[in-house]
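Read off the chains here:
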Amino acid sequence: MAKLLLLHAPQVVFSSSRSLVSATTALYRRPLLVNSKFTSSSSDSHSSHIVPRFRSRRFSSRAFDDDSPASSPEMEKDQPRDGASPVVRDEDYPTGEMVYEDRNAWESFVVKFRMLFAYPWQRVRKGSVLTMTLRGQISDQLKSRFTSGLSLPQISENLVKAAYDPRIAGVYLHIEPLSCGWGKVEEIRRHILDFKKSGKFIVGYIDICGLKEYYLGCACSELYAPPSAYSFLYGLTVQASFLGGVFEKVGIEPQVQRIGKYKSAGDQLARKSISEENYEMLSVLLDNIYANWLDGVSDSTGKKREDVENFINQGVYDIEKLKEEGLIKDVRYDDEVISMLKERLGVEKDKKLPTVNYKKYSGVKKSTLGLSGGRDQIAIIRAGGSISRVKGPLSTPGSSIIAEQLIEKIRSVRENKKIKAAVIRIDSPGGDALASDLMWREIKLLAETKPVIASMSDVAASGGYYMAMAANTIVAENLTLTGSIGVVTARFTLAKLYEKIGFNKETISRGKYAELLGAEEKPLKPEASELFGKSAQHAYQLFRNKAALSRSMPVDKMEEVAQGRVWTGKDAHSRGLVDALGGLSRAIAIAKQKANIPLDKKVTLVEISKPSTSLPDILSGIGSSVIGVDRTLKGLLDELTISEGVQARMDGIMFQQLGQDSLATPIINLLKDYLSSLR
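Below is a summary of the structure that appears in this document. Everything numeric here is computed off the predicted structure, so don't read it as measured data.

**What to know about the packing of helix α4 (residues 182-196) against helix α8 (residues 276-301)**
- Contact geometry of α4 with α8 gives a least axis separation of 13 Å together with a crossing angle of 15°. Taken as axis vectors, α4 and α8 run roughly parallel relative to one another. Note that α4 runs across α8; the crossing there is left-handed. Contacts between α4 and α8 pair Trp182, Glu186 and Arg189 from the former with Ile289, Asn292, Trp293, Gly296 and Ser300 from the latter.
- Tallied by class, residues from the contact of α4 with α8 come to 3 nonpolar, 3 polar and 2 charged.

**Structural notes on the sheet that holds strand β14 (residues 355-357)**
- Ordered by their spatial adjacency, 6 strands build an open sheet running β13-β9-β7-β6-β3-β14, and the pairing between neighbours is parallel. With partners counted over all chains shown, the strands left at the sheet margins are β13 (330-331) and β14, one partner each.
- By the bridge criterion, 3 bridges tie strand β3 (residues 128-136) to β14 in an arrangement that is parallel. Bridge pairing in β14 places threonine 131 opposite asparagine 357.
- Contacts from helix α3 (residues 152-164) reach β3, β6 (168-178) and β7 (201-206) within the one sheet, and its direction differs from that of β3 by about 160°.

**What to know about the environment of alanine 495**
- Here alanine 495 shows up in helix α16 (residues 495-501).
- According to the relative accessible area criterion, alanine 495 is partly exposed, its value standing at 30%.
- Sequence separation of alanine 495 and glutamate 521 is 26 residues, and the distance between their C-alpha atoms is 4.5 Å.
- The residues contacting alanine 495, other than those within four sequence positions of it, are Glu520 and Glu521.

**Side note on empty space enclosed by the protein**
- Taken as a whole, the largest cavity spans an internal volume of roughly 30 Å³.
- Forming the walls of the largest cavity are Tyr214, Leu233, Trp293, Val308, Phe311, Ile312 and Leu327.
- Looking at the lining of the largest cavity, the element that brings in the most residues is helix α9 (residues 305-312), giving 3 residues.
- Looking at the lining of the largest cavity, its residues break down into 7 nonpolar, no polar and no charged.

**Focus on the pattern of salt bridges**
- Here the structure, examined in full by the defined rule, presents 34 salt bridges.
- A salt bridge links glutamate 176 to arginine 135; the shortest N-O distance between them is 2.9 Å. Placement of glutamate 176 in strand β6 and of arginine 135 in strand β3 is noted, with a sequence separation of 41 residues between them.
- A salt bridge links lysine 546 to aspartate 437; the nearest nitrogen and oxygen atoms lie 2.7 Å apart. Of this pair, lysine 546 sits in helix α17 (residues 526-550) while aspartate 437 sits in helix α14 (residues 433-447); the two residues are 109 residues apart in sequence, bridging distant segments of the chain.
- Taking relative accessible area as the criterion, lysine 546 reaches 8% and is therefore assigned buried.
- Put simply, Asp140, Arg382, Arg425 and Glu607 are held in one network by salt bridges that share partners.

**Remarks on the layout of surface pockets**
- Approximately 620 Å³ is the volume attributed to the second largest pocket.
- Surrounding the second largest pocket, 33 residues form its lining, Glu186, Arg189, Arg190, Leu193 and Asn478 being those nearest its centre.
- If you list the elements that add at least two residues to the lining of the second largest pocket, you get α4, α8 and α20 (584-594).
- No other element matches α8, which puts 8 residues into the lining of the second largest pocket.
- Split by residue class, the lining of the second largest pocket holds 10 nonpolar, 10 polar and 13 charged.

**Regarding the packing of aromatic side chains**
- As enumerated under the stated definition, the model contains 13 aromatic pairs in all.
- Put simply, the rings of Trp106, Phe109, Phe113 and Phe117 pair up and form one aromatic cluster.
- Lying over the aromatic face of phenylalanine 201, arginine 344 brings its terminal NZ or CZ to 5.3 Å of the ring centre.
- The ring of tryptophan 567 has arginine 565 lying over it, and the distance from NZ or CZ to the ring centre is 4.3 Å.

**Some points on the pairing of strand β18 (residues 419-428)**
- Most of β18 is tucked away: 9 of the 10 residues are buried.
- For strand β15 (residues 377-384) and β18, the ladder comprises 8 bridges, and the chain directions are parallel. Paired with alanine 379 across the bridge in β18 is alanine 422.
- Relative to strand β20 (residues 452-461), β18 is paired through 6 bridges, and the arrangement is parallel. By the bridge assignment for β20, valine 423 is matched with isoleucine 453.

Cut-off values and rules
- Residues numbered from 1 in each chain as written.
- Predicted model: local features only at pLDDT ≥ 70, side-chain atom pairs only at ≥ 80, totals over all residues.
- Heavy atoms only, no water.
- Axes fitted to C-alpha atoms, helices over the stretch in contact; angles between N-to-C directions.
- Helix = DSSP H or I, 4+ residues; strand = E, 2+ residues; numbered from the N terminus.
- Parallel < 35°, antiparallel > 145°, perpendicular 65-115°, else oblique.
- Left-handed = near helix turned anticlockwise from the far one by under 90°.
- Contact = heavy atoms within 4.5 Å.
- Nonpolar A, V, L, I, M, F, W, Y, C, P; charged D, E, K, R; others polar.
- Pairing = 2+ DSSP bridges.
- Buried < 20%, exposed > 50% of the residue type's maximum accessible area, 1.4 Å probe, protein only.
- 1 Å grid on protein atoms, 1.4 Å probe; cavity = no way out; pocket = protein on both sides within 12 Å on 5 of 7 lines; lining within 4 Å.
- Points joined across faces, edges and corners; volume = space filled by probe spheres on them.
- Salt bridge = Lys/Arg side-chain N within 4 Å of Asp/Glu carboxyl O.
- Phe/Tyr/Trp six-rings, centres within 6.5 Å; stacked < 30°, edge-to-face > 60°.
- Lys NZ or Arg CZ within 6 Å of the ring centre and 35° of its normal.

Structure, rendered in structure tokens:
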């Protein structure tokens, strides 16, 4: 059977000397599809009006112009008779910003009483320092005590609990090289700033100072580094790789159909150098990341933006220079910082600093600290990873979005009358288009019964954006990577490769177009090639038109922001693809507003996607943490287990550390191995 390489992002690498962004390639078999609102005149929840039956968005009757292809019956059915609803501006939504409130005497007494009866493993010594080490990948999923790795929800919750916990004197944060995306970095930074409102100290310690690490560190009350610390504050670069020359050498002839001038994954397969459109898109992404970093550092350090940029351009490698410029508090070893904290807390020199680590503190219940919610419930549905219809034999818990499982959870929320609203937290580059559409339908049905807010993390593109379109309101971080509404399909002709390695293959077919999905040993016939292109164009039009419908936007206007282009959340917001900018807390505040719940009233957040406690999943988690899995082999196996079908995918743009194989995509590794064997 012929193999189609279906891609939704270029092989892109953003690096900050230590951090890279790479968009991997994927191997599939068929053409690929690449890729609302409850009105309120005020952010005051008391004045919000909620109609009895909810619609996901009052779609504009201008959503399709005369030149557009005929819309489906479902699309026509969803169009309103009376036009679009008024546009809600970003500032009209509640901010969700944390407001720290001191407890009164009675509340303090109740919290202390509950602490007396807490389980032994939930008890914390008074005057303790919460210690957390941030490093590597950070998952957007909840983690059980049997699984390794860091969890963004638990990091965020720990900082909130520590702010109100009378036993916690402050936080000591070790920041090591990070390989998560900028969306998660922004969320953690927001919680660091919120924690500081409690008046407690949060001390950062950084030994390898890259852009992400410093972006978090400078938000702390104080930041320290050892004398031998590495400074990599040199700026950002972006790299795009191309396989055209490699395919030529090994005898692979890609036949590429690219729909959308920015769909640079087609360039990656067929070209040997970057196109003007790809260069434009990557330059804008780079500018957004760099400008956001400069603004954030300027706000935290109190320095002018120009001064921060001038410092970067000096190429400073000596950590002492950061101290001289006031970018860190002091140069000290870890033990010296601990001694300083002991002195600050009145701990004797020969005594240990009382601490509680991230793992143990994650087990402290919010109810113990009086942080439990009210009677009204808001569901949090987490959807992270590549999208597939069914669970594969190599799938690990929380590593991907399994449509049949997520649909079941969405339906349970729809049927639960106690839940007043839902927030769908998306961290996905996409995947199976059919699965994406089925989930879109279920989210849309949910949004007709209660408010649904989509909250985007690092990436919500192609299939990830497809899911978000069904929500009433979309919230993204400034640097969330989203959009990627475009199509590229590629079929490989392997005749020359087979000849080189002495392999032969004969295909017998029935049906005029049967060899479109097979017979990779010979090029397509003209009529099959024409069908190949038409199917790609059709897939693109379906996605684009549904996006236009969901966003109450004319098709010609959507065409301007589609064409396979990846946007940051900030740019997507200015172009109507996103409603508001912010993190999960803002999405929850908007959900309260839409559900007519007073903004100052507590709600109970119901985590629908809780970590599995089944024995196979526990053993899987333990096995992966003890033994580990080779990234390249695992990536290849994951691709091989993806079921056939149209894909809505912007293959995972992710941030990686320099020193790791940022180009370690399955196909590139296979080609590298093959070329090595020819020597």
